[in-house]
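Letter by letter, the chains look like this.
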Amino acid sequence: MRIVMPGGTGQVGAVLNRALSAAGHDVVVLTRRPAHDHEVGWDGETLGPWTEAIDGSDVVVNLAGRSVSCRYTPATLQAMMDSRVRSTRVVGAAIAGAAKPPSVWLQMSTATVYAHRFDAPNDEATGVIGGTEPGVPGYWAYSVKIAKEWERAQRQAGTPSTRKVALRSAMVMSPDRGGVFDYLLWLARLGLGGPVAGGAQYVSWIHDQDFVRAVEFLIARDDIVGPVNLAAPGPVPQRSLMRTLRTAWGVPVGLPATKWMAELGALALRTDTELLLKSRRVVPGRLLESGFTFHHPHWQEAAEDLVRRVRTSR
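Residues numbered from 1 in each chain as written. Predicted model: local features only at pLDDT ≥ 70, side-chain atom pairs only at ≥ 80, totals over all residues. Heavy atoms only, no water.

Caption draft 1: Geometry of the overall build of the protein. In terms of regular secondary structure, the protein is built from eleven helices and eleven strands. For the protein, the C-alpha radius of gyration of 19 Å lies close to 20 Å, the compact-globule estimate for 314 residues. Principal-axis analysis of the C-alpha atoms places the extent of the protein at approximately 60 × 45 × 40 Å. The proportion of buried residues among the 314 residues of the protein is 52%. Of the contacts formed within the protein by residues at least 6 apart in sequence, a portion of 79% connects residues at least 24 apart. In the form shown here, the protein has an accessible surface area of approximately 13700 Å², with 55% of it arising from carbon and sulfur atoms. (Helix = DSSP H or I, 4+ residues; strand = E, 2+ residues; numbered from the N terminus. Rg over C-alpha atoms; globule rule 2.2 N^0.38 Å. Buried < 20%, exposed > 50% of the residue type's maximum accessible area, 1.4 Å probe, protein only. Contact = heavy atoms within 4.5 Å. Areas by Shrake-Rupley, 256 points an atom, 1.4 Å probe, with all protein chains shown as cover.)

Given below as structure tokens:
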């Protein structure tokens, strides 16, 4: 198949590109700074010669959007919104204008769309959409608004010949440098991977190999449309996630951090505490109902596998 990946130069794009190319697919990445074969330039906002890559392709997997690993200022939040919505709209316009449009358009979204909660998991059918939770920072609602507008842009695109799926992805855990697992492992190895603000907040995650397999599954299943949660069936509290990771690496202790300590650490790392403090208890209802089988459904085994791959690759 010919698979076009707008915004495919980030961590998730690298994971998908590597696996799909190894499986024999022709993968074309749309990027602002093309530097390699199979990369095509685009600006993420306007139609141009890059649309030729989409015309005649089989699949589009749109991953474009400003990184969330930054300080959540009004300017960066607006940049997140603009980069996601504008790129989704222009991808939709390219598909709509194609003489031979792709059969399926997988659009990246986020599990952040769901509410900060501890009491019950969020699946696609009964999950609570966030934005109105009491007692949380006001700007968390804007993160939910970004997710909703992101999905709306795909939903409103006039692409009647192309099936559309929104990937409400949890944190993709891979051994690649610079990704979320690399950051968490760095904390654990320093002895800093203890509970943050008590550690009761849930972390939803998915092993990189299951992420790839889920994407392949959704490409093949022409009966699935709309939002799909890409998350392992076992979200875990943050304190359990880090304890298991420390055990897998062989670190005996992890210093806890209060909320204000987390704020200082996030400031130093130029990231935001929402990534640490929001309880994302998300489960893959539609994937499981459709017969998808996870190879890494439990965090302990997934963490051990990821640690093993890190040790053998560095």
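What follows continues from the structure just given.
Caption draft 2: Expanded view of the packing of aromatic side chains. Counted by the stated rule, this structure contains six aromatic pairs. Its end group placed over the ring of Trp-150, Arg-84 keeps NZ or CZ at 4.8 Å from the ring centre. Over the aromatic face of Tyr-202 sits the side chain of Arg-281, whose NZ or CZ is 4.4 Å from the ring centroid. (Phe/Tyr/Trp six-rings, centres within 6.5 Å; stacked < 30°, edge-to-face > 60°. Lys NZ or Arg CZ within 6 Å of the ring centre and 35° of its normal.)

Caption draft 3: Broad picture of the pattern of salt bridges. Per the stated rule, a full pass over the model turns up twelve salt bridges. With a shortest N-O distance of 2.8 Å, Asp-210 and Arg-213 are connected by a salt bridge. A residue pair is termed a helical-turn pair when its members lie 3 or 4 positions apart in one helix, as Asp-210 and Arg-213 do in helix α6 (residues 208-220) at three residues. Here Arg-213 falls in the partly exposed class, since its relative accessible area comes to 23%. Among the charged side chains, a salt-bridge network with shared partners connects Asp-208, Asp-305, Arg-308 and Arg-309. (Salt bridge = Lys/Arg side-chain N within 4 Å of Asp/Glu carboxyl O.)

Caption draft 4: Spotlight on the sheet that holds strand β6 (residues 163-169). On the basis of which strands lie adjacent, the open sheet formed by seven strands has the order β3-β2-β1-β4-β5-β6-β10 and parallel pairing. Edge positions in the sheet fall to β3 (39-41) and β10 (226-230), since each has one partner strand and no second. For this sheet, the mean inter-axis angle between neighbouring strands, taken without regard to orientation, is 25°. (Pairing = 2+ DSSP bridges. Axes fitted to C-alpha atoms, helices over the stretch in contact; angles between N-to-C directions.)

Caption draft 5: Representation of the pairing of strand β1 (residues 2-6) within the structure. Here β1 lies mainly inside the structure; four of its five residues are buried. Sheet topology places β1 next to strand β2 (residues 26-31); five bridges connect them, and they run parallel. Its bridge partner being in β2, Val-4 is matched across the sheet by Val-28. Where β1 lies against strand β4 (residues 59-62), two bridges are found, and the strand directions are parallel. For Val-4, the partnering residue across the bridge sits in β4 and is Val-60.

Caption draft 6: Inspection of the nonpolar core at higher detail. In terms of nonpolar packing, the biggest core is built from 32 residues, with Leu-16, Leu-106, Phe-211, Leu-218, Leu-230 and Leu-287 touching the most fellow members. For this core, the secondary structure elements donating two or more residues are β1, α1 (11-22), β2, β4, β5 (104-108), β6, α6 and β10. At seven residues, α6 tops the list of elements feeding residues into this core. Non-local contacts of Leu-106, meaning those with residues more than four positions away in its chain, are made with Val-60, Val-61, Asn-62, Val-165, Leu-167, Val-215, Leu-218 and Ile-219. Grouped together as the second largest cluster of nonpolar side chains are 21 residues, Leu-184, Ala-232, Met-242 and Ala-302 included. (Core = buried A, V, L, I, M, F, W, Y, C linked by side-chain atoms within 4.5 Å.)

Caption draft 7: The arrangement of unusual backbone geometry in detail. Its identity as a non-glycine residue notwithstanding, His-38 has a phi of 65°, on the positive side. The class for His-38 is partly exposed, based on a relative accessible area of 48%. A positive phi angle, close to 55°, is found at Ala-197, a residue other than glycine. With respect to the helices, strands and loops of the structure, Ala-197 is situated in the loop between α5 (180-189) and β8 (202-203).

Caption draft 8: Summary view of the packing of α1 against α6. Their axes nearest at 10 Å, the elements α1 and α6 cross at an angle of 65°. Relative to α6, α1 is oriented roughly perpendicular. As α1 packs across α6, the resulting crossing turns out to be right-handed. Residues Val-12, Val-15, Leu-16, Ala-19 and Leu-20 of α1 lie in contact with α6, whose contacting residues are Asp-208, Phe-211, Val-212, Val-215 and Glu-216. Within the contact of α1 with α6, the residues separate by chemical class into eight nonpolar, no polar and two charged. (Parallel < 35°, antiparallel > 145°, perpendicular 65-115°, else oblique. Left-handed = near helix turned anticlockwise from the far one by under 90°. Nonpolar A, V, L, I, M, F, W, Y, C, P; charged D, E, K, R; others polar.)

Caption draft 9: Representation of helix α7 (residues 238-249) within the structure. With twelve residues, α7 extends 17 Å from end C-alpha to end C-alpha; this agrees with the ideal 16 Å at 1.5 Å per step. When we look at burial in α7, the residues that qualify are Gln-238, Ser-240, Leu-241, Met-242, Leu-245, Arg-246 and Trp-249. Gly-250 sits one or two residues past α7 and shows a positive phi near 95°. (Expected span 1.5 Å × (residues − 1).)

Caption draft 10: Highlighting a nonpolar patch on the surface. A contiguous nonpolar surface patch, about 400 Å² in accessible area, is contributed by Trp-186, Leu-190, Leu-192 and Leu-255. One can find Trp-186 in helix α5. (Patch = residues over 30% accessible without salt bridge, like charges linked within 9 Å, V, L, I, M, F, W, Y side chains within 5 Å.)

Caption draft 11: Just the environment of Pro-237, in detail. Mapped onto the elements of the fold, Pro-237 is located in strand β11 (residues 236-237). Between the alpha carbons of Pro-237 and Gly-198 there is a distance of 9.7 Å; along the sequence they are 39 residues apart.

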